[in-house]
Amino acid sequence: MQVPAGNLLQTINYPSDLKQLSEDQLEQVCQELRQYIIDVVSVNGGHFAASLGVVELTVALQYVLNAPYDQLVWDVGHQAYGHKILTGRRDNFHTNRIHNGLSGFPKRTESIYDTFGVGHSSTSISAALGMAVASQYKGETDRQHVAVIGDGAMTAGLAFEALNHAGIENSNLLVILNDNNMSIDPNVGALKEYLTDITTSKPYNRFRDDIAHVLTKISAMGPDAFKFAKKIEKSIKGTLLKKSNFFEALQFRYFGPIDGHDVKHLVKVLNDLKDIPGPKLLHCITTKGKGYALAEKDQTKWHAPGLFDKITGEIKKSKADKPQPPKYQDVFGHTIIELAEQNPKIMGITPAMPSGCSLNLMMKAMPKRAFDVGIAEQHAVTFSAGLATQGLIPFCNIYSSFMQRAYDQVIHDVALQKLNVVFCLDRAGMAGADGPTHHGAYDLAYMRCIPNMTVSAPMNEEELRNLMFTAQQDDMGPFVIRYPRGNGVMVDWRRPLKAIPVGKGRKICDGEEIAILSIGTIGNEVVKAVTGLNTDGYYPAHYDIRFVKPLDEALLHDVLKKFSKVITVEDGCKEGGMGSAILEFMADNNYHAQVIRLGIPDKFIEHGEQPELWAECGYDAESIATTVKSLVVKRNTHTIAS
């Protein structure tokens, strides 16, 4: 649904149009931009509070910078809605995150103003530094390079690595620290406490107000005068803060903190900083959800609320007339508490996603046994490994696509040492509207090639609970359980816990001539397909593989001796996934069945609702049925193979 823009905003198609306005008009632009984001997201959905918090910063940056020549890199991209609206995409913004519409994140193929594709956090400083060094090498000394990064994203190791490198490069780089004390959930860690100290130091804040302007003037007097002024400034800053400035210790010029919602002051400061050479960091204090009272009050809830009434704030949820299956993440959240009450060895770990993965339930019920370690997937894995060395059983819950960032730690720190860490990979398979940066396409492939690893996927909520119960038994070693975003298929899911034999699949139904092998929750699409096929006179068998490592070899021998045609179905990449594992088994055991693999093809799949993407990739129920019909003939009579 397209909504009208305000009087000034509707005249702005590109930053060049914004620059035609006076500074006195920028506050009205900010008001209209904020209202436009509220209007569109309320009726179309998407991320919300993050972009509201950087409206003034977005307007000031586009007003001061010469984009796209000047390079602006947004970290993560939840906060980039205003950027998209001001850079040629206002009239298409209503298609944001919709299948075949605009991406919810900056994307290089979508706009020349999107300098770097972002979906995972903490990449902005490294990317902007690379751009700055390249410009310096090419002699483009007038080009600005700006990375906007949140204080939550700053907790990741990659951000620290980039800061450490940038401090020794004499490149034109400005890092803007968007400090709102929030990621999706409240920030944690020592860095948060340090930034709070800076923000609340009254003598320091009185001193810093005009420092950028003064340094700009001194820089015009020559390099020697500028170096002398910097030494004096650093000494005074350290005295007022009663501690050394972390960023200055990394050889950044530190400015701030300043009010990130004062657009006219931001314009002044950004203009001043353009003339100061070398790496600089501007510390902006903002409020996530700014301008929408409910979002300011409950920033986690309003990170991505879905559709809502912008007047009353009522979040629109579909109301069912009967009980509905729970989300898989909630099954995890309740089950880990149930297990931890029985087993004192169990601990819970997540990197900055406690509400997203529902570990927040355990954090509330058992605060000493559940940890949010910040945006730090590598640390989460090795921290879990350390716990495991002491006889504890950590359940390390990381989104499938985020786990890619900690792959070395999985191999080196967990699998090599055969430590009993349980990796619960949420958002496995197609993640939906978040798109290719968030699809959990590769975990089956990248986990099954690791020695000592057990890799499993439940078909429903009961199996998720039972796999969690199985994984916390003694001496299970590294254990992966992958499950998708969204709701399950069972209303009656709280059933007694029981162990599942590791490496054992199961037969869902017998059949004739052709067998379908599935793994994980996509098996429910196979069940739908088989039901329809039976009505049409086709009778495939269906097996739930359940473990891609170790494979159920006895089950596979039975299948391949009985059926000459096999279809494999997985909500993951075909290259190296479950279908590939079946082909490897066949080659090793000299089987020659015809095999058709259905799964995510060898390309990046864009955003859309999960059923839309399953259909696009050819493994929804209808596509599965079509594939079966292409391989076997319709039968008038039905005789189960023996």
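My aim in this report is to walk through the structure given alongside it, one point at a time. Each chain has its residues counted from 1, running along the sequence as written. Predicted model: local features are reported for residues with pLDDT of at least 70 only, side-chain atom pairs are reported and counted for 80 or more only, and whole-chain, interface and lining totals are derived from all residues. Calculated side-chain values reflect all of the structure's heavy atoms, with hydrogen atoms and water omitted.

Comments concerning the pattern of salt bridges
Any two side chains of opposite charge can pair if their charged atoms end up close together. Rule in force here: The term salt bridge refers to a side-chain nitrogen of Lys or Arg lying within 4 Å of a carboxyl oxygen of Asp or Glu. Relative accessible area decides the class of each residue, using a 1.4 Å probe on protein chains only: under 20% of the type maximum gives buried, over 50% gives exposed, and in between gives partly exposed.
What the rule picks out here adds up to 30 salt bridges. With a shortest N-O distance of 3.8 Å, Lys138 and Glu140 are connected by a salt bridge. Judged by relative accessible area, which is 53%, Lys138 ranks as exposed. One salt bridge connects Lys507 with Asp510, and the closest N-O pair in it is separated by 3.5 Å. Judged by its relative accessible area of 44%, Lys507 falls in the partly exposed class. Each of Lys84, Arg89, Glu110 and Asp114 takes part in one network of salt bridges that share partners.

A short note on unusual backbone geometry
What you tend to see is this: most non-glycine residues have negative phi, and most peptide bonds are trans. Threshold: Helix and strand definitions follow DSSP, with helices as H or I runs of at least four residues and strands as E runs of at least two, each counted in order from the N terminus.
In this structure, Pro257 follows Gly256 across a cis peptide bond, with omega equal to 0°. That bond from Lys549 to Pro550 is cis: its omega, -5°, falls within 30 degrees of zero. Secondary-structure assignment places Pro550 in the loop between β15 (547–549) and α24 (553–562). Although it is not a glycine, Ser122 sits at a positive phi angle of roughly 75°. Structurally, the position occupied by Ser122 is in the loop between α5 (81–89) and α6 (124–138).

Some thoughts on the sheet that holds strand β4 (residues 253–259)
This is how it is decided: By definition, two strands form a pair when at least two bridges between them are found by DSSP. Axes here refer to lines fitted to C-alpha atoms; in helices the fit is confined to the stretch in contact. Angles between the N-to-C directions go from 0 to 180 degrees. Should any heavy atoms of two residues lie within 4.5 Å, those residues are counted as being in contact.
The sheet built from 5 strands is open, its strands ordered β1-β2-β3-β5-β4 with parallel pairing. A strand with exactly one partner marks an edge of an open sheet, and here the two such strands are β1 (71–74) and β4. The average undirected angle you get between the axes of adjacent strands in this sheet is 20°. Relative to the sheet, α6 contacts β1, β2 (145–150) and β3 (174–179), its axis offset from that of β2 by approximately 175°.

Considerations on the nonpolar core
Here is the rule we go by: As used in this record, nonpolar core signifies buried Ala, Val, Leu, Ile, Met, Phe, Trp, Tyr and Cys residues forming a set joined through side-chain atoms within 4.5 Å.
With 55 residues, the main nonpolar core has Phe48, Val59, Leu61, Ile176 and Leu282 as its most contacted residues. Ranked by residues supplied to this core, first place goes to helix α2 (residues 26–44) with 9 residues. If we skip the residues at most four places from it in the chain, Val59 touches Leu18, Leu26, Val29, Cys30, Leu33, Leu86 and Val263. If you look at the next biggest cluster of nonpolar residues, it comprises 52 residues, including Leu444, Ala457, Leu556 and Tyr591.

Points about the packing of aromatic side chains
What counts here: Whether two aromatic rings pair depends on their centres lying within 6.5 Å, for rings of Phe, Tyr and Trp, where Trp uses its six-membered ring; planes under 30 degrees apart make the pair stacked, over 60 edge-to-face, and the rest tilted.
Counted under the stated rule, the structure contains 16 aromatic pairs. Both rings, one in Tyr36 and one in Phe93, keep their centres 6.5 Å apart while their planes meet at 35°; by these two values the pair is tilted. Taken together, the residues span a long stretch of sequence, with Tyr36 in helix α2 and Phe93 in the loop between α5 and α6 at a distance of 57 residues. Residue classification places Tyr36 among the buried positions, given a relative accessible area of 3%. Classification of Phe93 by relative accessible area gives buried; the value is 1%. Consider the rings of Phe585 and Tyr591, whose centres lie 6.3 Å apart with planes at 15°: the pair is stacked. We classify Phe585 as buried; its relative accessible area is 5%. Given a relative accessible area of 16%, Tyr591 falls into the buried group.

With respect to the side chain of Thr286
With respect to the secondary-structure elements, Thr286 resides in the loop between β5 (280–285) and α14 (293–297). A residue is classified by how much of its surface remains accessible, and Thr286, at 6% relative accessible area, is buried. Ignoring sequence-local partners within four residues, the contact set of Thr286 consists of Gly53, Asn178, Asp179, Asn180, Gly260 and His261.

The quantities given are spatial measurements derived from coordinates; they are silent on function.
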